[in-house]
Structures are given as structure tokens and as C-alpha cells.
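# Topology and contacts: notes
Listed below, chain by chain, are the residues.
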Amino acid sequence: MAKSLVAQKAFDFAIRIVKLYVFLKDQKQEYVLSKQLLRCGTSIGANAEEAVAAQSRLDFVHKLHIALKEARETSYWLRLLYAVGFLEQAAFESMHKDCLEIQKMLSSIILTSKKNHS
């Protein structure tokens, strides 16, 4: 259940990332940083989805670790876009809050999976 919940949350987050990318590209004329955000922000869900169909517990944990790394990178790009003025505070706080929540969910699932495997 938790596996599919995080995958769905990451999918919903990816939708927001895509919309933010379009806004940054079209309205703010920002192409480089927003492309980085698009890549890692959508990769979280792709890796979480792959984890759902993992071939083993080790493969599952590995794929979730990749998703977690992508979430951390997404947090970085969001913070940078906010710091340089491409994101308004409300948009940043909303997106960053969701990103941190996904990170916490992924970390929890990884820790639980490792604990149950030992």
C-alpha cells in the first residue's frame, strides 16, 4: 500500500513540475534551470513506479534510493529558482513542501524495507 501511495504522490508532483516548467519557460523565459527541474522532478515518480515492480527487495530499495536522490535534487533546483527570483514565495513553499513530504515518505519506506530484510 505505501509503495503505491508514494508512486501516486510522486506522479501528482510530476504533474505540478511539468506545469511549473511550462510557466518558467513561457512566462519567465527561463530555460536552463527549469529543464534541470523538469528532469529530476519527473524522475522521482518514474523511479518510484519502477520500484513497485522491482524484481527483489534489494532492487526495490535501490530504485527508491534513486527516487530519493532525484527528490533531493529537485529540492535544490526549487530552492535555487526561488533564491534567484524565478519563483514566488507561495509557489515555492507549496512545491517544496510536497517535495520534502515525498522525501520523508521515500526515506521511511527505505528504512522499513531495510529493517524488515535484516
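Provided above is the structure to which this section pertains.
Now for a quick tour of the structure. (Residues numbered from 1 in each chain as written. Predicted model: local features only at pLDDT ≥ 70, side-chain atom pairs only at ≥ 80, totals over all residues. Heavy atoms only, no water.)

### Things to note about the overall build of the protein
The helix and strand inventory of the protein stands at four helices and zero strands. For the protein, the N- to C-terminal ordering of α and β elements is α-α-α-α. C-alpha extents for the protein along the principal axes are approximately 50 × 20 × 20 Å. By residue count, 41% of the 118 residues in the protein fall in the buried class. Within the protein, residue pairs in contact and separated by at least 24 positions form 72% of the contacts whose partners lie at least 6 positions apart. (Helix = DSSP H or I, 4+ residues; strand = E, 2+ residues; numbered from the N terminus. Buried < 20%, exposed > 50% of the residue type's maximum accessible area, 1.4 Å probe, protein only. Contact = heavy atoms within 4.5 Å.)

### Quick notes on the environment of Arg-72
Inspection of the secondary structure puts Arg-72 in helix 3 (residues 57-83). Accessibility expressed as a relative area gives 55% for Arg-72, which makes it exposed. With 32 residues separating them along the chain, Arg-72 and Cys-40 place their C-alpha atoms 8.9 Å apart.

### As for the side chain of Glu-30
The residue Glu-30 is located in the loop between helix 1 (2-26) and helix 2 (32-52) in this model. Buried Glu-30, no salt bridge; nearest opposite-charge side chain is Lys-35, N-O distance 10 Å. Within polar-contact distance, the side chain of Glu-30 engages the backbone nitrogen of Leu-33 at 3.0 Å. Among the polar contacts listed, one links the side chain of Glu-30 to the backbone nitrogen of Ser-34, at a separation of 2.6 Å. (Lys, Arg positive; Asp, Glu negative; His and termini not counted. Salt bridge = Lys/Arg side-chain N within 4 Å of Asp/Glu carboxyl O. Polar contact = N/O pair within 3.5 Å; in protein donor to acceptor, adjacent residues only side chain to side chain.)

### Side note on helix 4 (residues 89-117)
Compared with the 42 Å implied by 1.5 Å per residue over 29 residues, the 42 Å span of helix 4 between its first and last C-alpha is a close match. Along helix 4, the positions that sit buried rather than exposed are Phe-92, Met-95, His-96, Cys-99, Ile-102, Gln-103, Met-105, Leu-106, Ile-109, Ile-110 and Ser-113. (Expected span 1.5 Å × (residues − 1).)

### Re the environment of Val-6
Mapped onto the fold, Val-6 is located in helix 1. Placed 38 residues apart in sequence, Val-6 and Ile-44 show a C-alpha to C-alpha distance of 9.7 Å. Those residues in contact with Val-6 that sit more than four places away from it in its chain are Met-105, Leu-106 and Ile-109.

### Thoughts on the nonpolar core
Counting 31 residues, the largest nonpolar core has Phe-13, Leu-37, Ile-44, Leu-78 and Leu-106 as its most contacted members. Listed by contribution, the elements that provide at least two residues to this core are helix 1, helix 2, helix 3 and helix 4. With nine residues, helix 3 is the largest single contributor of residues to this core. If sequence neighbours within four positions are ignored, Phe-13 has contacts with Gly-41, Ile-44, Thr-74, Leu-78, Met-95, Asp-98, Cys-99 and Ile-102. (Core = buried A, V, L, I, M, F, W, Y, C linked by side-chain atoms within 4.5 Å.)

### With respect to the pattern of salt bridges
Inspection of every chain in the model, using the stated rule, returns five salt bridges. One salt bridge connects Asp-59 with Lys-63, and the closest N-O pair in it is separated by 2.9 Å. Pair noted here: Asp-59 and Lys-63 are both in helix 3, with a separation of four residues, about one helical turn. In this pair, the class of Asp-59 matches that of Lys-63, namely buried. One network of salt bridges, with partners in common, ties together Glu-50, Asp-59 and Lys-63.

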